[in-house]
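What the coordinates show
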Amino acid sequence: MNLTRPLRIFLLYARSDEKAVRRLYNRLSKAGASVWMDRKKLLPGQDWQSKIHQAIYSSDIVIVCLSKQFNKQGGYRHEELRIALEKAGGLPDNTILIIPVRLEECDMPEALHRWQRVDLFETNGFKALLSALEQHVAQR
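Just so it is clear, the structure is predicted and the values come from calculations on it, not from any experiment.

Re the pattern of salt bridges
- On inspection of all chains with the given rule, the structure shows nine salt bridges.
- The salt bridge involving Arg22 is made with Glu18; its shortest N-O contact spans 2.9 Å. Remark: Glu18 and Arg22 occur in helix α1 (residues 18-30); sequence separation between them is four residues, near one turn of the helix.
- For Asp119, the salt bridge goes to Arg102, with nearest N and O atoms at 2.6 Å. Pair noted here: Asp119 is in strand β5 (residues 118-119) and Arg102 is in strand β4 (residues 98-102), with a separation of 17 residues, a long-range link. Of the two residues examined, Asp119 and Arg102, each falls in the buried class.
- Here the residues in one salt-bridge network are Arg102, Glu105, Arg117 and Asp119, joined through shared partners.

The structure is reproduced here in structure tokens:
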């Protein structure tokens, strides 16, 4: 399945999950999405905090990649999540912006409980994610 129109997708994740997130990055890119991942898009010398902030605000979708490591203290991912939640707060209720994606069995952060998650480790997990992205494209 390919996206009919490209979406700008921001991947928010814990550094320890980089290998799994790179696979997701590649699959979404193959499906036709324009995917933003810090390790792929940031250049040496750039103000990384500013670039991340800009990338979140210019994205159509923020995929929050959840794992057991995600909820642990530390890391800029919690600030990224705060920025995404701030952006989502200014959108109409029926707008899809944040999609929680579990990479493995893990708890959902309280701040994300209102959004339906997709479990990427399930057989049809990626297909369900692509369906949600296609629906977003159709509603734009």
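Overview of α1
- With 13 residues, α1 extends 18 Å from end C-alpha to end C-alpha; this agrees with the ideal 18 Å at 1.5 Å per step.
- Along α1, the residues classified as buried are Glu18, Val21, Leu24, Tyr25 and Leu28. Angularly, the buried residues of α1 cover 115 degrees about the axis, an arc narrow enough to put them on a single face. Among the exposed residues of α1, those pointing more than 90 degrees away from its buried face are Lys19 and Lys30.
- Taken together, the buried residues of α1 touch β1 (8-12), β2 (34-36), α2 (38-41), β3 (61-66) and α5 (125-139).
- Looking at the residues trailing α1, positive phi occurs at Gly32, about 105 degrees.

What about the pairing of β1?
- Where burial is concerned, most of β1 is hidden: four out of the five residues are buried.
- Bridge count between β1 and β2: three bridges; the pairing is parallel. What sits directly across from Ile9, in β2, is Val35.
- Where the polypeptide runs from β1 across α1 and back to β2, its parallel neighbour, the crossover connection is right-handed.
- In the sheet, β1 pairs with β3 via four bridges, with the strands oriented parallel. Within β3, the position partnered with Phe10 by the bridge is Val62.

Cut-offs and rules
Residues numbered from 1 in each chain as written. Predicted model: local features only at pLDDT ≥ 70, side-chain atom pairs only at ≥ 80, totals over all residues. Heavy atoms only, no water. Salt bridge = Lys/Arg side-chain N within 4 Å of Asp/Glu carboxyl O. Helix = DSSP H or I, 4+ residues; strand = E, 2+ residues; numbered from the N terminus. Buried < 20%, exposed > 50% of the residue type's maximum accessible area, 1.4 Å probe, protein only. Expected span 1.5 Å × (residues − 1). Arc of directions from axis to C-beta. Contact = heavy atoms within 4.5 Å. Pairing = 2+ DSSP bridges. Right-handed = clockwise from strand over helix to strand, strands pointing away.

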